[in-house]
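# A closer look at the structure
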There are 4 protein chains.
Amino acid sequence: MPVKVAINGYGTIGKRVADAVRQQDDMEIVGVVKRRPTFEAFDAMKNGFPFYAPTEEFIPALEKARIKVTGTLPELLEIADIVIDCTPKKANYKPLYEKHNVKAIWQGGEKHDLTGLSFNTMANYEDAIGAQFARVVSCNTTGLCRTLHPIQEKYGIENVLGVMIRRSADPWDSKTGPINSIEPILNVPSHHGPDVATVMYGLNIQTTAVKVPTTIMHLHSVVVKMKATPSSQDIVDLWENTPRVALVDSGEGIKGTSQIMEWAKDLGRKRGDLFEIAVWKDGVHVVGDTLYYYQAIHQESDVIPENIDCIRAMCNVETDKFKSMEKTDKAMGLIA
Amino acid sequence: MPVKVAINGYGTIGKRVADAVRQQDDMEIVGVVKRRPTFEAFDAMKNGFPFYAPTEEFIPALEKARIKVTGTLPELLEIADIVIDCTPKKANYKPLYEKHNVKAIWQGGEKHDLTGLSFNTMANYEDAIGAQFARVVSCNTTGLCRTLHPIQEKYGIENVLGVMIRRSADPWDSKTGPINSIEPILNVPSHHGPDVATVMYGLNIQTTAVKVPTTIMHLHSVVVKMKATPSSQDIVDLWENTPRVALVDSGEGIKGTSQIMEWAKDLGRKRGDLFEIAVWKDGVHVVGDTLYYYQAIHQESDVIPENIDCIRAMCNVETDKFKSMEKTDKAMGLIA
Amino acid sequence: MPVKVAINGYGTIGKRVADAVRQQDDMEIVGVVKRRPTFEAFDAMKNGFPFYAPTEEFIPALEKARIKVTGTLPELLEIADIVIDCTPKKANYKPLYEKHNVKAIWQGGEKHDLTGLSFNTMANYEDAIGAQFARVVSCNTTGLCRTLHPIQEKYGIENVLGVMIRRSADPWDSKTGPINSIEPILNVPSHHGPDVATVMYGLNIQTTAVKVPTTIMHLHSVVVKMKATPSSQDIVDLWENTPRVALVDSGEGIKGTSQIMEWAKDLGRKRGDLFEIAVWKDGVHVVGDTLYYYQAIHQESDVIPENIDCIRAMCNVETDKFKSMEKTDKAMGLIA
Amino acid sequence: MPVKVAINGYGTIGKRVADAVRQQDDMEIVGVVKRRPTFEAFDAMKNGFPFYAPTEEFIPALEKARIKVTGTLPELLEIADIVIDCTPKKANYKPLYEKHNVKAIWQGGEKHDLTGLSFNTMANYEDAIGAQFARVVSCNTTGLCRTLHPIQEKYGIENVLGVMIRRSADPWDSKTGPINSIEPILNVPSHHGPDVATVMYGLNIQTTAVKVPTTIMHLHSVVVKMKATPSSQDIVDLWENTPRVALVDSGEGIKGTSQIMEWAKDLGRKRGDLFEIAVWKDGVHVVGDTLYYYQAIHQESDVIPENIDCIRAMCNVETDKFKSMEKTDKAMGLIA
């Protein structure tokens, strides 16, 4: 019997998880929760997802806008096996989930302490098997795990320095700036490094971060001191065979994040998403034991496959991470 | 027998026309032409379109990059009924098309004089029936025709003033600026007005234009002096029933072009395209005989349906514009 | 004896008015009010302006940051003849000013109703003579008055349509977006038109407005139906001789707002301000009785000269608007 | 007798060097060279700088635009002691300077090999004394030298990793993008590291670089492994006493490059320039022997003081770098 999945918060991440769940044969959406009758609410209706309000008080405004409301979140939690919490950071639904005895997955905007268990498929799938609560790490952390984990496995890592050049707003977000400024995150080293260590236990990684005025992808400049001295080509070959990592090439006209997203659009996925981490093949350089590379992160979508895997692990559907990844990726059409 | 269509220039417009042709049952792609082995060339290959080089000299570099080249443009023209020219403005292939006696459609970057026949489905479909050469008018002109034509038909138009706030670069174009400047087009009134009159014969329309630093959609602020005094709601109702016009509502969270494109992504079309012209329902205001409205133009895709209709007209496949539109729109999944 | 001027709110406008007052010989700054110890507070100190807190409660934090606080706003109002209110829109100090029986000038962010008297030097200087309260109209309205008033005087105006392409944030404002979107103001016609009519009584003007992602200047595309048919050159000549209007020329490399601001920087004024309205000489086109032109507005500084004139009018220092303008402009170094 | 200085290329850097030379008492401008009659040419005239054309052929167009042309570059070189070459990279005037036996300074866009001598005041002033040709290193390299040199002197440096987040265009440049993209420099490590070593001989420094869509300042995220373990405060104290380094504080509202430039505008210098390197006080963090910091570079102006010092060294006006710096900085109004 398929896992019954509820989506609490039908925005950037929520709507993508809902679509991805629908593409799997071992899970199904039993309801999505949204507060306001935005265009995304109408999209949920059109997709045929049962629509729930957070509480009774939101129903009148939703119905006035002609949204058909099936019930409230507490009612949804009664029929769900697991809820994917994609609400804003300040919401706190954990007590409600506990009360209804439902499993829950949060996103990377939350702190590790909320669940005590952070999740990245490749790094620690096994630890999530049967768990009640987990947090899928953020888009940036997921990206770092995807490329660092195979290096760690094959060559060993002394330490990592990552500088995150962060997009300031999502493409749909027209309130947030800056329009013309660069803003460093002054708490140095930044929180991103420790966040990677919540799933790649014991990794020595420091990060700094800078916000820049784009809406298209985060970009990481990463420097890794390895315990071995592979060639640049060795690293490229390794990532060619790493799931959810896609190599791009400036020789094919992909000079920056805008062309990566254009290439992703041509792939034909819904919303032009890029679930893979894009790494520039011609930006991989090993000097001695030091590896330099650049990667780009589609902040809106890279964590979606990990959410699917995490559902499988927590609901005991699959114990082998490679089998889960294969299933997820095939259903979602990732680059093989 | 389906019309045999060649695409010369497989970039922003070319690749979209190719996809749209493939969705129709009365036409087919017999080949696409591209000069360089960019990521879009690989996309063409993956789509199974026969790949042609412009001339012999481009073949070695393409083959070196592992593009399978079927032949050259002249060879393709021998087997095509019609070629869709999506090459940059400075290219001049007309003599070649004449030599090979193939029909051809150019895009709005070209001048009206190149063909003497400009095309917009609603405005002048009939004039293109059986024609050898035509030019589908630009994204901006297409957008103006879509909303003005029904007003003209139903209420009559004294005159139009349109101010075009133009995106400066396409999303994939990272060379072109400005980053932080507003640039007026100083030739006033701008060329956009007369361009509309190449298909809406005799319309009294003046336009000015300003370039702004975005990559997402053009936006038009339009003021129409009508020959009648309908209400704002009358105009909204009219456009609700106009093909290829989509009404959006700021009340659903659509405040600007970024949210329109997000909404379009949710529609699930390839590349998140919006073939329709988006008009703000709550931005339509009639004061006396004067209509004010705002519309947004997805510069990369709005002309694609018109290209398909134009093929049908020129190749005598269909003489009724409404039947062609219906067929095109259904196949491409436009909002009914 | 010089007019004693207080500045309430030492930000974008406040600091500029303070500098401009200091440049005059018939007025002086007796104090500036600021809430928080930002870099601008330190700038006020360095400039030697007596520093006041809004109320007692703000003093400890200011003093902790080593700002020398002279007193509070009520104390300042006791020694001031007039206060220039440059606080954010939501503040409401009018009752306090009334209580202390001090004259006050507000900025264009406030509504006309607050004072019942709006002010633009050229349009209605006389009406402010001896007034207790006035509002200097916004940067956009000031810009429209500067160029429209001489047209009105010399040729007469049937009606005006202005489309305002508005910068979304000031250069220092890194919170506000959008980064990549265009947002129309859906209340059409916009409030800008009626606002012009608060000082150019009876002018028939309609406006629409669109926000774009820049921080550099507003740009207006203006269409004026005149009661006469001057030539384009006549209009250029008229503005050549209009105070506070500066003609620029794309032939000298000034294509957009970024080059206007670069040119302004070369003028050598503090902060690179441009107090004049910039009009493109080669963007002025008269067709029949219709005038098309583009103008650019330095939103941070164009209203400063009007604030100075308004002080003179309200405090009965000068009854002739031309004499006040000449004095203001000479002291501030405007283009003669 | 003052050094006779010619400026070849009166653009972003040239006009600033000209202004700075004029502020000194031991040098003077004998002429500036510009090709076209842009607004900057008129600015040169207004400043009273003798205006020269590169060659005879440029004179007619300049004179037609009413620029008063004194002569040609070869004529100017006859009367100059030294020429500051601020022409675009592709120009090659070295043979001409050799022919006229005039000293010359190039800017950082040129390669080290052009002169064999690169220059940064603090790092290697002495090596330029009496030299015929030198290159003042780029804005980024100058910035790194300013902050790294005192660390090197006081604590010793094992190695440096710098990630440069580069503005993509200058504020006046409206042609260059991207509008919405992040572009890594794929040649890793980038050329910036070796460039620092042309003046800080033997420094072990690696750099990577990323272009982002702003026009305001470069920002560096720097990580230094030191040979000692000072505290964060020790480093702050060191830079407080370092010339041409200015500490800024996010607590005073300076969160990013836009606020730095606003603060600089308030300083009241021409064009709002910031000749100092801005370092966030609260972004300085020492962890063990590793120092993390962020600095921001005003790309248009930080090298101007070094150009002045370089003139003095090359023309044997002053042999002590500290005396030259003090003289330059006092005349230009730098923060003491």
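Residues numbered from 1 in each chain as written. Chains lettered and ligands numbered in written order. Predicted model: local features only at pLDDT ≥ 70, side-chain atom pairs only at ≥ 80, totals over all residues.

### Some points on the packing of helix 11 (residues 304–314) of chain A against helix 12 (residues 321–332) of chain A
All names here are of chain A. Counted only if it meets this: In this analysis, axes come from line fits to C-alpha atoms, helices being fitted only over the stretch in contact, and the angle between any two N-to-C directions falls in the range 0 to 180 degrees. By the criteria applied, helices consist of DSSP H or I runs no shorter than four residues and strands consist of E runs no shorter than two, each listed in order from the N terminus. Oblique is the label for any angle not covered by the other classes, which are roughly parallel (under 35 degrees), roughly antiparallel (over 145) and roughly perpendicular (65 to 115). With the far helix as reference, a near helix turned anticlockwise by less than a right angle produces a left-handed crossing, and one turned clockwise produces a right-handed crossing. What counts as a contact is two residues whose backbone-derived C-beta atoms lie within 7 Å of each other. Put simply, Ala, Val, Leu, Ile, Met, Phe, Trp, Tyr, Cys and Pro go in the nonpolar bin, Asp, Glu, Lys and Arg in the charged bin, and everything else, Gly too, in the polar bin.
Look at helix 11 against helix 12: their axes get within 10 Å of each other, and the N-to-C directions meet at 135°. One element, helix 11, and the other, helix 12, form an angle in the oblique class. The crossing of helix 11 and helix 12 is right-handed. Only Ser324, Met325, Thr328, Asp329 and Met332 of helix 12 make contact with helix 11, whose side of the interface consists of Pro305, Ile308, Asp309 and Arg312. The class makeup of the residues in the contact of helix 11 with helix 12 is four nonpolar, two polar and three charged.

### A closer look at the interface of chain A and chain B
Contacts between the two partners involve 27 residues from chain A and, on the opposite side, 26 residues from chain B. Among the elements of the structure, helix 2 (39–46) and helix 10 (257–266) of chain A are those that each provide at least two residues to the side of chain A that touches chain B. If one sorts the elements of the side of chain A that touches chain B by residue count, helix 10 of chain A sits on top with seven residues. Tallied by class, residues from the side of chain A that touches chain B come to nine nonpolar, nine polar and nine charged.

### Structural notes on the environment of Met314 of chain A
Residue and element names in this part refer to chain A. Put simply, the test is: Using C-beta atoms placed from the backbone, we call a residue buried if 20 or more other C-beta atoms fall within 10 Å of its own, exposed if 12 or fewer do, and partly exposed for counts in between.
Within the secondary structure, Met314 is located in helix 11. Given 23 C-beta atoms within 10 Å, Met314 falls into the buried group. The contact partners of Met314, leaving out residues within four places of it in the chain, are Ile82, Lys103, Ala128, Gly130, Ala131 and Ala134.

### Quick word on the relation of the copies chain D and chain A
Here is the rule: Superposing the copies works by least squares over the C-alpha atoms of residues that have pLDDT at least 70 in both of them.
Superposition record for chain D on chain A: RMSD 0.0 Å, screw rotation 180°, translation along axis 0.0 Å. Given the turn and translation reported, the copies of this chain are related as if by a two-fold rotation axis. When the interface residues of chain D are mapped onto chain A, 100% of them are again interface residues, pointing to one common binding face.

### Some remarks on the sheet that holds strand 3 (residues 51–53) of chain C
All names here are of chain C. Defined as follows: Here, strands pair whenever DSSP counts at least two bridges between them.
If you trace the eight strands from one edge of the open sheet to the other, you get 4-3-2-1-5-6-8-7, paired in parallel fashion. Edge positions in the sheet fall to strand 4 (71–72) and strand 7 (118–119), since each has one partner strand and no second. Strands in contact with helix 1 (residues 12–22) are strand 1 (3–8), strand 2 (27–33) and strand 5 (82–85); relative to strand 2, the strand with the most contacts, it is inclined by about 155°. Most of the contacts of helix 11 (residues 304–314) go to strand 8 (residues 133–136), to which it runs at about 160°, and overall it touches strand 1, strand 2, strand 5, strand 6 (103–106), strand 7 and strand 8.

### What to know about the sheet that holds strand 8 (residues 133–136) of chain D
Residue and element names in this part refer to chain D. Pairing is parallel in the open sheet, where eight strands are placed in the order 4-3-2-1-5-6-8-7. The open sheet is flanked by strand 4 (71–72) and strand 7 (118–119), the only strands paired with a single partner. Two elements, strand 1 (residues 3–8) and strand 5 (residues 82–85), share four bridges in a ladder whose sense is parallel. Of the residues in strand 5, the one forming a bridge with Ala6 is Val83. Along the sheet, helix 1 (residues 12–23) makes contact with strand 1, strand 2 (27–33) and strand 5, crossing strand 2 at roughly 155°.

### A few points about the relation of the copies chain A and chain B
Note on the copies: chain A fits chain B at an RMSD of 0.0 Å, the axial shift is 0.0 Å, and the rotation between them is 180°. The overlap is high: 96% of the interface residues of chain A also sit at the interface in chain B, so the same surface is used on both sides.

### Remarks on helix 11 (residues 304–314) of chain D
Residue and element names in this part refer to chain D. Counting buried residues in helix 11 gives 11 out of 11 residues, a clear majority hidden from the surface. Three or more residues of helix 11 are buried, namely Ile304, Pro305, Glu306, Asn307, Ile308, Asp309, Cys310, Ile311, Arg312, Ala313 and Met314. Just beyond helix 11, the residue with positive phi is Asn316, at close to 55°.

### As for the interface of chain D and chain A
Interfaces are often described in size by the accessible area the parts lose on coming together. Each partner contributes to the interface: chain D provides 34 residues, whereas chain A provides 34 residues. Of all the secondary structure elements, the ones that give two or more residues to the side of chain D that touches chain A are strand 9 (157–167), strand 10 (183–184), strand 11 (205–212), strand 12 (218–226), helix 10 (257–266) and strand 16 (290–297) of chain D. By residue class, the composition of the side of chain D that touches chain A is 19 nonpolar, 12 polar and three charged.

### Some remarks on the confidence of the model for chain A
Regions with low pLDDT should not have their predicted coordinates read in detail. Selection rule: For every residue, the predictor reports its confidence as pLDDT, a number between 0 and 100.
Summary statistics for chain A give a mean pLDDT of 97 and a share of 100% for residues scoring 70 or more. Per the prediction output, this complex has pTM 0.96; the corresponding ipTM is 0.95.

### Some points on the environment of Gln24 of chain B
All names here are of chain B. By secondary structure assignment, the location of Gln24 is in the loop between helix 1 (12–23) and strand 2 (27–33). Spatially, the C-alpha atoms of Gln24 and Lys330 are 9.3 Å apart, while their sequence positions differ by 306 residues. Other than its neighbours up to four places away in sequence, Gln24 contacts Ile308 and Ala331.

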